[in-house]
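Architecture and fold: a report
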Amino acid sequence: MSNDQQYKPATQAVWAGEQRLFEGNATQVPVVHSVSFGYDDMEEWMDVALGNKPGHIYSRNTNPTVDVFEEKVRVLEHAEAATSASTGMGIISSTLFTLLAPGDRVVSVKDTYGGTNRLFTEFLPRQNVNVTLCDTMDEDEVEAEVAKGCNVLYLETPTNPTIKIVDLERLARVGKAAGAVVIVDNTFATPINQNPLLLGADLVVHSATKFMGGHADALGGVVAGKEELIKRIYGYREIVGGTLHPMSAYLLLRGMKTMHLRIQRQNENAQALAEFLSGHPNVERVLYPGLPDHPGHDIARKQMRGFGGMLSFIVKGNTFEDAARCLTRLKLARRAANLGSVETIAGPPATTSHVECTAEERAAMGIPESLIRYSVGIEDVEDLKADLDQALR
Ligand SMILES: *Cc1c(COP(=O)(O)O)cnc(C)c1O
């Protein structure tokens with residue numbers, strides 16, 4: 001623990017959890033597919049089973065490959081501990097269901113990821129958990145609701161797909177004062193651009209499926225933070241059973257080694273494209289925190305080291321068909337419900353982040369019908385500019 005933060009993030013992304021040799025002196029993390037781990041010595045088996053000695057018993061609980069993935073995230077997020085699940089939603093639901101019991105109250109914002117929003121609007125209320133969702137941009141409202149008393153304050157920034165910025169330092173302070181556990185979904189920013197725990201949050205959650213893995217070939221989720229909380233979440237996830245697969249853990253680990261390089265490039269590409277699109281005659285508006293006229297720009301500058309690889313833009317005309325026409329013409333973008341990969345990915349909220357909502361619900365959330373969510377890849381930025389230009393004309 002004491003030496004955790006001796007290195008900078010680019011070094012941590014490569015070395016954290018891997019500063020040793022593995023089985024048979026392997027320099028790379030082995031993918032341990034074994035379901036169980038055997039002990040010829042009964043006493044040793046007991047010690048490991050009771051947690052008095054490090055080791056593994058059964059891979060639904062812990063696994064050597066998964067351990068390394070959790071350790072890398074733990075170090076990158078400046079956390080005491082970390083635990084994982086099979087998907088981002090797996091870890092978000094495990095975290096919320098661990099911390100909330102019938103009669104409890106959670107305060108969050110309206111612009112959380114679509115799946116998380118479903119937990120708030122459907123699955124938690126069904127367990128008699130009281131949910132209050134505030135206007136994402138109205139920090140006074142969040143503050144007032146939290147002050148009424150709550151068990152969990154759940155935040156996300158930048159948000160999906162409207163790229164709103166939430167003031168983490170201010171709201172974490174408010175949450176703490178109310179005795180709430182403060183959770184932040186850091187998927188869009190990644191630990192390279194933002195560390196919510198350093199801004200006062202208790203727990204940080206990620207869909208590792210996105211920028212962490214970075215290659216759109218493995219699902220995974222992870223939560224990092226206070227050891228006492230992580231132990232409880234692990235205890236729930238272990239029994240509910242949504243365990244991260246060792247092969248996925250390996251793919252995510254491999255992707256994470258280049259995370260710093262990728263995110264730097266994606267930050268640069270996104271900034272250049274946001275500026276380019278802002279001046280484009282067929283674009284109504286660009287949503288990117290790196291633009292000085294973005295309403296969250298000052299807070300983003302305060303709490304982020306880079307503005308991220310996600311941007312959204314609203315095509316002139318303002319109908320779904322206007323967005324669809326542009327999307328169909330893009331040559332350098334996967335039209336898919338994903339984000340954070342090395343290749344550029346674009347889509348409308350209707351088939352991606354807010355596929356669960358009706359057109360009326362999206363309108364009520366303030367999501368324009370001609371909005372395109374654009375996850376910027378690591379391609380040459382001039383090629384991406386030219387591609388966007390031809391698609392918009
Ligand atoms: C994708 C995503 C999730 C859910 O992650 P899965 O790995 O798809 O389950 C949660 N939060 C955010 C911000 C996401 O983009």
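Residues numbered from 1 in each chain as written. Predicted model: local features only at pLDDT ≥ 70, side-chain atom pairs only at ≥ 80, totals over all residues. Heavy atoms only, no water.

1. Thoughts on the environment of Thr136
- Here Thr136 is to be found in the loop between β3 (130–134) and α6 (139–147).
- For Thr136 and Leu155, which are 19 residues apart along the polypeptide, the C-alpha to C-alpha distance reads 9.0 Å.
- Contacts of Thr136, omitting those with residues within four sequence positions, involve Val109, Lys110, Asp111, Thr159, Lys164 and Val166.
- In this structure the side chain of Thr136 is engaged in a polar contact, spanning 2.4 Å, whose partner is the side chain of Asp111. (Helix = DSSP H or I, 4+ residues; strand = E, 2+ residues; numbered from the N terminus. Contact = heavy atoms within 4.5 Å. Polar contact = N/O pair within 3.5 Å; in protein donor to acceptor, adjacent residues only side chain to side chain.)

2. Focus: the site of the ligand
- Contacts to the ligand come from 14 residues, most closely from Gly88, Met89, Asp185, Thr209 and Lys210.
- One of the side-chain N or O atoms of Ser207 is found 2.8 Å from an oxygen atom in the ligand.
- Between the ligand and Thr209 there is a distance of 2.7 Å, counted from an oxygen atom to a side-chain nitrogen or oxygen.
- Coverage of the ligand by the protein amounts to 93% of the 380 Å² it exposes when considered alone.
- When residues of the shell around the ligand are assigned to their parent elements, the largest contribution, three residues, is made by helix α4 (residues 88–99).
- The class makeup of the residues in the shell around the ligand is five nonpolar, six polar and three charged. (Near = heavy atom within 4 Å. Areas by Shrake-Rupley, 256 points an atom, 1.4 Å probe, with all protein chains shown as cover. Nonpolar A, V, L, I, M, F, W, Y, C, P; charged D, E, K, R; others polar.)

3. Observations regarding the packing of α6 against helix α7 (residues 168–177)
- One way to put it is that α6 packs onto α7 with a least axis distance of 9 Å and a crossing angle of 15°. One element, α6, and the other, α7, form an angle in the roughly parallel class. Crossing geometry of α6 relative to α7 is assigned as right-handed. Residue-level contacts link Glu139, Asp140, Val142, Glu143 and Val146 of α6 to Arg170, Leu171, Val174 and Gly175 of α7.
- Considering only residue class, the contact of α6 with α7 consists of four nonpolar, one polar and four charged. (Axes fitted to C-alpha atoms, helices over the stretch in contact; angles between N-to-C directions. Parallel < 35°, antiparallel > 145°, perpendicular 65-115°, else oblique. Left-handed = near helix turned anticlockwise from the far one by under 90°.)

4. Remarks on the nonpolar core
- Among the nonpolar cores identified, the biggest contains 50 residues, and Phe69, Val142, Leu153 and Leu155 are the most heavily contacted of them.
- Broken down by element, this core gets its largest block of residues, five residues, from helix α3 (residues 64–76).
- Built from parts of two domains, this core gets at least three residues from each of domain 1 (9–256) and domain 2 (260–392).
- Core analysis: the second largest hydrophobic core is formed by 25 residues, Val283, Leu291, Tyr374 and Val376 among them. (Core = buried A, V, L, I, M, F, W, Y, C linked by side-chain atoms within 4.5 Å. Buried < 20%, exposed > 50% of the residue type's maximum accessible area, 1.4 Å probe, protein only. Domains from an automatic or database assignment.)

5. A closer look at the domain arrangement of the chain
- According to the domain assignment, the chain contains domain 1 (9–256) and domain 2 (260–392).
- Centre-to-centre, using C-alpha coordinates, domain 1 lies 26 Å away from domain 2.
- The interface is formed by 39 residues belonging to domain 1 together with 38 residues belonging to domain 2.
- Summing both partners gives a buried area of about 3100 Å² for domain 1 against domain 2, and 59% of it is carried by carbon and sulfur.
- At the junction of domain 1 and domain 2, the tally comes to one salt bridge.
- When the shortest N-O distance is used, the salt bridge between Asp167 and Lys302 registers 3.5 Å.
- Between the two partners, domain 1 and domain 2, sit 16 residue pairs in polar contact (both at pLDDT 80 or more).
- If you list the elements that add at least two residues to the side of domain 1 that touches domain 2, you get α1 (9–15), α5 (114–126), α7, α8 (190–193) and α10 (246–256). (Buried area = accessible area lost by both parts, 1.4 Å probe. Salt bridge = Lys/Arg side-chain N within 4 Å of Asp/Glu carboxyl O.)

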